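Structure assessment
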Amino acid sequence: MRKGTISGFSKKSKAEKIAWIARHYSPDPQAVESVLEQFWQDDPELQQLLEGFSENTLTNYPLPYGIAPNFLINERVYALPMVIEESSVVAAASSAAKFWLKRGGIRAEVLSTTKVGQVHFYWSGRRERLQALLPELKTQLLQEAAPLTANMESRGGGITGMELIDFSEREAGYFQLRVYFETCDSMGANFINSVLESFARTLQAFVRTSPQLDSGEREIEVIMAILSNYPPQCVVRTWVRCPVEALADPCHNMEAADFADRFSKAVRIAELDPYRATTHNKGIFNGVDAVVLATGNDFRAVEACGHTHAARDGQYTSLSHFALEEGQFHFWLDLPLALGTVGGLTQLH
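Read on for a plain summary of the structure. Numbers given to residues run from 1 along each chain, matching the order in which its sequence is written. For this predicted model, a pLDDT threshold of at least 70 governs which residues receive local features, and a threshold of 80 or more governs which side-chain atom pairs are given and counted, while totals over whole chains, interfaces and linings are taken from all residues. Computation of side-chain values: all heavy atoms of the structure, hydrogens and water removed.

1. Concerning a nonpolar patch on the surface
For patch detection, residues must exceed 30% relative accessible area and be free of salt bridges, and they are connected within 9 Å for like charges or within 5 Å for nonpolar side chains (Val, Leu, Ile, Met, Phe, Trp, Tyr). Only the protein chains shown count as cover for residues, and all accessible areas are computed by the Shrake-Rupley method using a 1.4 Å probe. Put simply, a salt bridge is a Lys or Arg side-chain nitrogen that is within 4 Å of an Asp or Glu carboxyl oxygen. Taken together, the side chains of Tyr-61, Leu-63 and Leu-293 define a hydrophobic patch exposed on the protein surface, amounting to about 320 Å² of accessible area. Within the fold, Leu-293 resides in helix H9 (residues 274–294). For Leu-293, a relative accessible area of 34% puts it in the partly exposed group. The helix and strand labels rest on DSSP assignments: H or I over at least four residues marks a helix, E over at least two residues marks a strand, and numbering proceeds from the N terminus. Only protein chains enter the accessibility calculation, which uses a 1.4 Å probe; a residue whose area is less than 20% of its type maximum is buried, one above 50% is exposed, and one in between is partly exposed.

2. As for the packing of helix H8 (residues 256–272) against H9
For the pair H8 and H9, the least separation of the axes is 6 Å and the interaxial angle reads 115°. Relative to H9, H8 is oriented so that their crossing is left-handed. Contacts from Ile-269, Ala-270 and Leu-272 in H8 reach Pro-274, Arg-276, Ala-277 and His-280 in H9. Polarity classes work like this: nonpolar for Ala, Val, Leu, Ile, Met, Phe, Trp, Tyr, Cys and Pro, charged for Asp, Glu, Lys and Arg, and polar for all others, with Gly in that last group. By residue class, the composition of the contact of H8 with H9 is five nonpolar, one polar and one charged. Only the stretch in contact is used when a helix axis is fitted, and all axes are lines through C-alpha atoms; the angle between N-to-C directions ranges over 0 to 180 degrees. With the far helix as reference, a near helix turned anticlockwise by less than a right angle produces a left-handed crossing, and one turned clockwise produces a right-handed crossing. Contact definition: two residues touch when any of their heavy atoms are within 4.5 Å.

3. Brief notes about the sheet that holds strand E4 (residues 115–123)
Should DSSP find at least two bridges between two strands, the strands are regarded as paired. In spatial order, the strands read E5-E6-E4-E7; together these four strands make up an open sheet with antiparallel pairing. In this open sheet, the two edge strands, each paired with only one partner strand, are strand E5 (158–166) and strand E7 (220–227). Averaged over neighbouring strand pairs, the angle between their axes works out to 15° when direction is ignored. Pairing of E4 with E7, which is carried by seven bridges, proceeds in the antiparallel orientation.

4. Quick word on the packing of aromatic side chains
Aromatic ring pairs are defined here through the distance separating the ring centres and the angle between the ring planes. Each aromatic pair joins two rings of Phe, Tyr and Trp (for Trp, the six-membered one) with centres within 6.5 Å, and gets the label stacked for planes under 30 degrees apart, edge-to-face for over 60, and tilted for any other angle. On inspection of all chains with the given rule, the structure shows 15 aromatic pairs. An angle of 50° between the planes, with centres 5.8 Å apart, marks the rings of Phe-259 and Phe-263 as tilted. Taken together, the residues span about one helical turn, with Phe-259 and Phe-263 both in helix H8 at a distance of four residues. Overall, the relative accessible area of 23% leaves Phe-263 in the partly exposed class. Taken together, Phe-99, Trp-100, Phe-259, Phe-263, Phe-322, Phe-329 and Phe-331 form an aromatic cluster joined through their ring pairs. Note that Lys-14 overlies the ring of Trp-40, its terminal NZ or CZ placed 3.9 Å from the centroid. Both a distance and an angle decide whether a charge sits over a ring: NZ of Lys or CZ of Arg must be within 6 Å of the ring centre and within 35 degrees of the ring normal.

5. Let's talk about the sheet that holds strand E3 (residues 107–110)
Pairing is antiparallel across the open sheet formed by four strands, whose spatial order is E3-E8-E10-E9. The strands lining the two open edges of the sheet, one partner per strand, are E3 and strand E9 (320–325). Within the sheet, the average angular offset between the axes of one strand and its neighbour, ignoring direction, is 20°. Against the sheet, H8 touches E9 and strand E10 (328–336), its axis set at about 140° to E9.

6. Description of unusual backbone geometry
Look at Asn-56: it is not a glycine, yet its phi comes out positive at around 55°. Tracing the sequence through the fold places Asn-56 in the loop between helix H3 (44–51) and strand E1 (65–73). Despite not being glycine, Asn-74 has its phi angle at roughly 50°, a positive value. Structurally, the position occupied by Asn-74 is in the loop between E1 and strand E2 (76–83). Overall, Asn-74 belongs to the partly exposed group, its relative accessible area being 35%.

Structure below.
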């Protein structure tokens, strides 16, 4: 075994892990152990809880947990929790909130909440044959997944639709069963994946035993059954609007109309140029990620989804947009967000 490698690292105690890391990767092992111990929680139960979130944990990684006050959203004032390592982000968010507090505040609307899962499979037949059997297949899929969906349905959620997608012109034999879900206040990843795994088993059995398919059409290989982190129908829209003259003195030595004009051009550049759009959207995610982290949600999924949405028309572009309408300054953002306020790790966080 090469020097610096190890077998069974995960089975060692925390003290043994730290000692091994210090011995192999530091000229001063005692200093390493001392530094790592500084960030442990004094409460052993809390420290154990933190270590349960991940694997091979040695210590904790503290990040500032801040508050951005004065967010008037849909006529209600919020103080937003933000966790981020970059200076000035919380200050900038707080400044923007205070600015719009006097100009009608921020509006937000959930446009839709549908989430997406997929069963990816290879099949030797033609799409028309399976499409004709889809109503029968759908009935069987729903029946066999009923024990999994009952609880979600009682809360007003469940499976809202499904369709057969044919990719065989681009990849021979590749098809997809795309399934749409409503998961209410939960992010729903475990629920969606459990249902999709059930669907995969039912689909395989259906294709292999259907008397309406020829023997040559009964070969099917399910590659994976998993949710997608891109739910284009799970979108939140936020916007601000005010008369241009209400923007008086937003910048030193600049009139409100000039500010609105330059603002519109800056947004337009981000819409046209992917290089600028990347930095523009990074600024948006400074705020989004900070709140997602502070609320114990998955910021990697939110980022991946947002960037996919920014490229949905074939070119990466701005997630936010601007319009000047009858003297009104109108700035808005549409963002697909699959977040949870109940269930999963949310309660622990």
